[in-house]
Amino acid sequence: MRIELVTGDITAEQVDAIVNAANSSLLGGGGVDGAIHRKGGPAILEECRALRASRYGRGLPVGQAVATTAGRLCARWVIHTVGPVFSADEDRSPLLRGCYARSLAVAEGLGARTVAFPLISSGVYRWPKEDAVVQALAGLHDEPATTVEQVRMVLFDADTHAVAERVLRASEYTR
Ligand code: AR6
């Protein structure tokens, strides 16, 4: 599995699956979530509502992942995952790593070969960007996916891309 870092808007990605940094309600929000629903159209929200009416009556738990259609996006699926809100008092990093591992497992179950991830929890949920990248890489390597050939980490701006590049180079993981 190759990990590539790219800069830009995740909704422009042409991949099998796009991961959404959602919240437990699955009913939309700001940031990546808002952009995905805006560009993907109402079919995504419709499936999210159906999930809330069935398997996830209480919402999608933090650290878990579930797939829906990608609507009008250039992808087959959106995989919704819920990152933890950053806390200075409590180590929630296993939950953040779980988002990557579980999303990859869902992608694997779908037979996806290319998957685009945002830097989960690093926006509204305030996770420090550098550590968010550390947790992303660790989480991705926790899941030995076989069908997924390429993971594209989509960083929203050049500064975040530079941070991610530095972390990736310093890490034990090769590209
Ligand atoms: N493409 C790629 N990255 C983006 C995009 C985009 N279109 N837009 C923002 N980012 P966030 P979170 C970056 O806030 O922290 C929502 O309201 C952003 O700069 O989207 O997990 C949900 O409904 C940041 O680095 O997700 C939840 O309530 C990263 O993506 C809550 O926010 C994640 O930022 C989730 O917060």
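For the structure itself, consult the block above.
Thresholds applied
Residues numbered from 1 in each chain as written. Predicted model: local features only at pLDDT ≥ 70, side-chain atom pairs only at ≥ 80, totals over all residues. Heavy atoms only, no water. Near = heavy atom within 4 Å. Polar contact = N/O pair within 3.5 Å; in protein donor to acceptor, adjacent residues only side chain to side chain. Helix = DSSP H or I, 4+ residues; strand = E, 2+ residues; numbered from the N terminus. Nonpolar A, V, L, I, M, F, W, Y, C, P; charged D, E, K, R; others polar. Axes fitted to C-alpha atoms, helices over the stretch in contact; angles between N-to-C directions. Contact = heavy atoms within 4.5 Å. Buried < 20%, exposed > 50% of the residue type's maximum accessible area, 1.4 Å probe, protein only. Pairing = 2+ DSSP bridges. Disulfide = S-S within 2.5 Å.

Colleague: What is the right way to read the site of the ligand from this model?
Modeller: Taken together, 22 residues lie near the ligand, and N23, G30, D33, S122 and G123 sit nearest. Between an oxygen atom of the ligand and a side-chain N or O atom of D33, the distance comes to 2.7 Å. In this structure, Y125 approaches the ligand through a main-chain N or O atom, which is 3.1 Å from an oxygen atom. Elements with a contribution of two residues or more to the shell around the ligand: β2 (17–22) and α1 (31–40). For the shell around the ligand, the leading source of residues is α1, giving four residues. Partitioned by chemical class, the residues of the shell around the ligand number ten nonpolar, nine polar and three charged.

Colleague: Looking at this model, I keep getting lost on the packing of α1 against helix α2 (residues 42–53). Mind explaining?
Modeller: Angle between the axes and distance between the axes are the two parameters that describe a pair of packed helices. Two elements in contact, α1 and α2, have axes whose closest approach is 6 Å; the angle formed by their N-to-C orientations is 115 degrees. For the pair formed by α1 and α2, the contact residues are I36, H37 and G40 on the first element and P42, I44, L45 and C48 on the second. Across the contact of α1 with α2, the residue classes tally to five nonpolar, two polar and no charged.

Colleague: Can you walk me through the pairing of strand β6 (residues 150–155) in this structure?
Modeller: The side chains of a regular strand alternate between both faces of the sheet. Counting buried residues along β6, six of its six residues qualify, which places the element largely inside the surrounding structure. Pairing of strand β1 (residues 2–7) with β6 involves six bridges; the strand directions are parallel. In the sheet register, R2 faces β6, and the bridge partner there is Q150.

Colleague: How should the state of the cysteines be read in this particular structure?
Modeller: Every disulfide links exactly two cysteines, by a covalent bond between their sulfur atoms. By the definition in use, this model includes zero disulfides. C74 takes part in no disulfide bond, and the closest cysteine sulfur to it belongs to C48, at a distance of 19 Å. A residue is classified by how much of its surface remains accessible, and C74, at 47% relative accessible area, is partly exposed. Considering cysteine sulfurs only, C48 is the nearest to C99, which forms no disulfide, with 15 Å between them. Taking relative accessible area as the criterion, C99 reaches 0% and is therefore assigned buried.

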